[in-house]
Number of protein chains: 2
Amino acid sequence: MFEKGYIDENYVRVSRDELFSFVVKVLMKLGVPKEDAEIVADNLIMADLRGIESHGVQRLKRYVDGILSGGINLKPNIRIVREGASYALIDGDEGLGQVVGYKAMKLAIEKAKKSGIGVVVVRNSNHYGIAGYYALMAAVEGMIGISMTNSRPLVAPTGGVERFLGTNPIALAAPTKDKPFLLDMATSVVPIGKLEVYRRKGKPIPEGWAIDSEGNITTDVEKVFNGGALLPLGGFGELFGGHKGYGLSVMVDILAGILSGGTWSRHVKNTSERHSEVDHFFMAINIEAFVPLEEFKEKMSRMIEELKSSKRHKDFERIWIHGEKGFLTMQTRLKIGIPIYKKVLEELNQIAEMVGVEKLKVKG
Amino acid sequence: MFEKGYIDENYVRVSRDELFSFVVKVLMKLGVPKEDAEIVADNLIMADLRGIESHGVQRLKRYVDGILSGGINLKPNIRIVREGASYALIDGDEGLGQVVGYKAMKLAIEKAKKSGIGVVVVRNSNHYGIAGYYALMAAVEGMIGISMTNSRPLVAPTGGVERFLGTNPIALAAPTKDKPFLLDMATSVVPIGKLEVYRRKGKPIPEGWAIDSEGNITTDVEKVFNGGALLPLGGFGELFGGHKGYGLSVMVDILAGILSGGTWSRHVKNTSERHSEVDHFFMAINIEAFVPLEEFKEKMSRMIEELKSSKRHKDFERIWIHGEKGFLTMQTRLKIGIPIYKKVLEELNQIAEMVGVEKLKVKG
């Protein structure tokens, strides 16, 4: 009898491989080349595997809409505008953000292999999925990886009430003796995806996440979606450092948007619009150029060990390391499948019908 | 009669030049070479000019103590351990942090001039003053400047109660058509200097800045100084993103400490101790390698203009840009002098007497 309530009837599970080949097939039917479709699928499903559903396959519809509306260029001429041994500027030609991002990070890694450092900035791209994906690409090559992107305006600057800044994420990954350290954070208190979950459940949001259209802190998620805005990391005003989150967001706009000859979040548009003008910043640091990789990994693991064994607060079960929860979730989901919200399943199957591929096989 | 209370009797004013030559003389008397003394003085006084008193001349005593105790090496062999066209690893040989930092950032700028990017990491240094100083060095050369440093442990990780992380600041400066944009932030809610001000005034601190030795949020500043800790940006727990501030702090430890073959904040010591093991990360990005500098500046200024003219919250008089308050304060203080707390003046004059230089001339 105690099992009651342990199964959430709103979800079904789908295996990673089934989901992967589904996304690839859908995208290919829409004219995306196979290699590109695989890159997008891998990125979306990595988000689902790691528990970041807001950036997982539930976003497929937005990409499909972007393709159908012509907002995404399926055969982009992704070209290097300028480059040196340690840097490049890429024009994404409005291609799929994941494809542009993948190629840009690959280039950063290549440059870092040869010259120690690779900085690649990108303009004219689209929403690129989870920032951490690209940072991890470098970490598995024994490098530190950094990835940032501007994004459409959702966050008010300190003292302001307008949606001006993006949630502009910053990701950094670094290898350890075990799984990589992976920081992947929006520069707002929470990403918009968290509010979408509260909205769906009809629950009030915690006081301090967002403001209404007058700039007052609100717990009413509808008020946020109707002309309100998210707050930058640090919250309202300056007392708890809201100006720092605001500054980090502008930092991303500078490094990704202005340095690339692109734009800043206020002018970034949805993927379904033409010229959504998303810009990215990627960096790979070849650890071996500085210190032996083994020494680096050893120290990373020692720091993590010290962190985890440092004195805990009585209300916390453990001290987490960045990326750790995601890797644990990944382990489970690779084994028993990825939970898909039933409404999302419906939407995915509608897409399947529309483009003419088989419906998703669920595990139950 | 309304003027009453407008003058704070706890402060005197000293001109920038008087303060500069005072600090230089004191350091030279202690055996610091002239060029090095000038670098330290410039850094400390820049902090005072910009209103960051905690990092200004009130810190001179700590450097003097560090020199007298042998914790600081006055004739360090600051050497390049490894380098490439776009990067270098420097050993600071326990020299004055400002001197080591200045030389490292100079090198980063030089490398960026030639190759587009300059990344310089430093180990075995000491407290380097304000992080923004080095970032600004790049901005005035038409580059983006980034500066980070680890620092002695003061901040508890999310879920923990121990002082483990440093306040590990991140600074980024970028040129505009007017004064540079300058983000210079501790990755904790507030730097320790803010608590020192409350302690001095005997006032309770806002709820959410720090915890006591049990890990509970406290407003009693004495409890923080007696075994408590600062909270990372985002505050207590994960609800408002405390794990993000914690992650940014670790990021600095990775980039400055572990990448340089140095250490992480938990093992960083006070300047007066030998082997304080402070590590830095510097980066200069030559904007001209990516886009024309004028275009970059133009866009920066346009973004700032848009930010400042975006809709304000009714309780805020204006929307500030990062660095702006500091430049305004600088303008005033260059004109009418730098306010020095009387107890600090006393301390400075004791130092003067000890080393045998003239007392500070105050403007009144």
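As recorded in an unreviewed UniProt entry, chain A goes by (R)-2-hydroxyacid dehydrogenase and comes from Thermococcus barophilus. Taken directly from UniProt, the Sequence similarities (unreviewed entry) text for chain A runs: "Belongs to the LDH2/MDH2 oxidoreductase family."

Asks: Sorry, what's going on with the sheet that holds strand β6 (residues 170-174) of chain A here?
Replies: Strand pairs in the sheet, formed through backbone hydrogen bonds, run parallel or antiparallel to each other. Strand order across the open sheet formed by seven strands is β2-β3-β4-β10-β5-β6-β7 (chain A), with mixed pairing between neighbours. Across the chains shown, the open sheet's two edge strands, defined by having one partner strand only, are β2 (79-84) and β7 (181-185) of chain A. Within this sheet the neighbouring strands show an average axis-to-axis angle of 10 degrees, counted without direction. Contacts between helix α8 (residues 242-258) of chain B and the sheet are confined to β5 (143-149), β6, β7 and β10 (278-286) of chain A, with β7 of chain A contributing the most and set at about 130 degrees to the helix.

Asks: Mind showing me how you'd approach the pattern of salt bridges here?
Replies: Note that side chains of opposite charge can pair when their charged atoms are close. Taken as a whole, this structure holds 44 salt bridges over all chains when the rule is applied. As a salt-bridge pair, K61 of chain A and D65 of chain A come within 3.2 Å of each other at their nearest N and O atoms. Remark: D65 of chain A and K61 of chain A occur in helix α3 (residues 60-68); sequence separation between them is four residues, near one turn of the helix. Given a relative accessible area of 33%, K61 of chain A falls into the partly exposed group. According to the relative accessible area criterion, D65 of chain A is partly exposed, its value standing at 29%. Here K299 of chain B ties to E295 of chain B by a salt bridge, and the two come within 3.5 Å at their closest N and O atoms. Taken together, the residues K299 of chain B and E295 of chain B, both in helix α9 (residues 293-308) and four residues apart, mark about one turn of the helix. Here the salt bridges share partners, and the residues they tie into one network are R16, D17 and D42 of chain A.

Asks: Would you take a moment to explain the relation of the copies chain A and chain B for this structure?
Replies: Both copies of the chain are related by one operation, a rotation about an axis with a shift along it. Rotating chain A by 180 degrees about the axis while translating it 0.0 Å along that axis superimposes it on chain B, leaving an RMSD of 0.0 Å. Put plainly, the chains are arranged around a two-fold axis. Within chain A, the C-alpha atom positioned nearest to the axis of rotation is that of G234 of chain A, 2.5 Å from it. The overlap is high: 100% of the interface residues of chain A also sit at the interface in chain B, so the same surface is used on both sides.

Asks: Quick question: what am I supposed to make of the environment of N73 of chain B here?
Replies: Residues and elements named next belong to chain B. Within the secondary structure layout, N73 lies in the loop between α3 (60-68) and β2 (79-84). N73 gets classed as partly exposed once you look at its relative accessible area, which sits at 24%. Taking the C-alpha atoms as reference points, N73 and E94, separated by 21 residues in sequence, lie 5.3 Å from one another. Residues within four places of N73 in sequence aside, it is in contact with D93, E94, G95 and L96. One polar contact links the side chain of N73 to the main-chain amide nitrogen of K75, over a distance of 3.2 Å. For N73, the side chain forms a polar contact with the main-chain oxygen of D93, separated by 3.1 Å.

Asks: I'm lost on unusual backbone geometry in this one. Help?
Replies: Trans is the prevailing form of peptide bonds, just as negative phi is the prevailing case for residues other than glycine. All names here are of chain B. One non-glycine residue, N124, adopts positive backbone phi at about 55 degrees. For E277, which is not a glycine, the phi torsion comes out positive at approximately 60 degrees. Judged by its relative accessible area of 27%, E277 is partly exposed.

Asks: What am I meant to see in the interface of chain A and chain B here?
Replies: Size of an interface, as often reported, equals the accessible area lost when the parts are brought together. Between chain A and chain B, the contact holds 90 residues from the first and 90 residues from the second. For the chain A and chain B pair, buried surface summed over both sides reaches about 7400 Å², with 70% attributable to carbon and sulfur atoms. The largest share of the area that chain A buries against chain B comes from K244, L259 and F290 of chain A, three residues that together contribute 10% of it. One can count four salt bridges joining chain A with chain B. Measuring nitrogen to oxygen at the nearest pair gives 3.5 Å for the salt bridge that ties R266 of chain B to E306 of chain A. Put simply, chain A and chain B have 40 residue pairs in polar contact (both at pLDDT 80 or more) between them. Sort the elements by how many residues they give to the side of chain A that touches chain B and helix α8 (residues 242-258) of chain A lands first, with eleven residues.

Asks: Would you take a moment to explain the sheet that holds strand β10 (residues 278-286) of chain B for this structure?
Replies: Residue and element names in this part refer to chain B. Taking strand neighbours across the sheet as the criterion, the seven strands line up as β2-β3-β4-β10-β5-β6-β7 in an open arrangement whose pairing is mixed. For this open sheet the edge positions go to β2 and β7 (181-185), each flanked by a neighbour on one side alone. In this sheet, neighbouring strand axes are inclined to one another by 10 degrees on average, regardless of whether the strands run parallel or antiparallel.

Asks: Just checking my understanding: could you explain the pairing of strand β11 (residues 338-341) of chain B for this structure?
Replies: The two faces of the sheet receive side chains in turn, since in a regular strand these alternate between them. All names here are of chain B. Neither face of β11 is left uncovered, since the one carrying I338 and I340 and the one carrying P339 and Y341 both have all their residues buried. Relative to β11, strand β1 (residues 11-14) runs antiparallel, the two being bridged by four bridges. Opposite V14, over in β11, you have I338 as the bridge partner.

Asks: Sorry, what's going on with the nonpolar core here?
Replies: Grouped burial of nonpolar side chains is what soluble globular proteins tend to show. Ranked by internal contacts, the top residues of the largest apolar core, which has 118 residues, are I144 of chain A together with I144 of chain B. Excluding residues that lie within four positions of it along the chain, I144 of chain A makes contacts with A138, L172, A173, A174, M283, A284, I285, I287 and F296 of chain A together with I254, L255 and L259 of chain B.

Asks: Whenever I open this one, the pairing of β2 of chain B confuses me. Can you help?
Replies: Residue and element names in this part refer to chain B. Examined bridge by bridge, β2 and strand β3 (residues 87-91) share five bridges and lie antiparallel to one another. Looking at the pairing, G84 lines up with Y87 of β3. Here β2 hands over to β3 after two residues, the two strands then running antiparallel side by side.

Asks: Where do I start with the packing of helix α1 (residues 16-29) of chain B against helix α2 (residues 34-49) of chain B in this structure?
Replies: The description of two helices packed together rests on the angle between their axes and the distance between the axes. All names here are of chain B. Running from amino to carboxyl end, α1 crosses α2 at an angle of 140 degrees, the nearest separation of the two axes being 8 Å. As summarised for this structure, α1 and α2 are arranged oblique, according to the angle between their axes. Our pair here, α1 against α2, has a crossing hand that is right-handed. Taken together, the residues of α2 that come into contact with α1 (itself represented by R16, L19, F20, V23, V24, L27 and M28) are K34, A37, E38, V40, A41, D42, L44, I45, D48 and L49.

What counts and how
- Residues numbered from 1 in each chain as written.
- Chains lettered and ligands numbered in written order.
- Predicted model: local features only at pLDDT ≥ 70, side-chain atom pairs only at ≥ 80, totals over all residues.
- Heavy atoms only, no water.
- UniProt positions renumbered as here; feature names shortened; annotations may be inferred.
- Pairing = 2+ DSSP bridges.
- Helix = DSSP H or I, 4+ residues; strand = E, 2+ residues; numbered from the N terminus.
- Axes fitted to C-alpha atoms, helices over the stretch in contact; angles between N-to-C directions.
- Contact = heavy atoms within 4.5 Å.
- Salt bridge = Lys/Arg side-chain N within 4 Å of Asp/Glu carboxyl O.
- Buried < 20%, exposed > 50% of the residue type's maximum accessible area, 1.4 Å probe, protein only.
- Least-squares fit on C-alpha atoms with pLDDT ≥ 70 in both.
- Polar contact = N/O pair within 3.5 Å; in protein donor to acceptor, adjacent residues only side chain to side chain.
- Buried area = accessible area lost by both parts, 1.4 Å probe.
- Core = buried A, V, L, I, M, F, W, Y, C linked by side-chain atoms within 4.5 Å.
- Parallel < 35°, antiparallel > 145°, perpendicular 65-115°, else oblique.
- Left-handed = near helix turned anticlockwise from the far one by under 90°.

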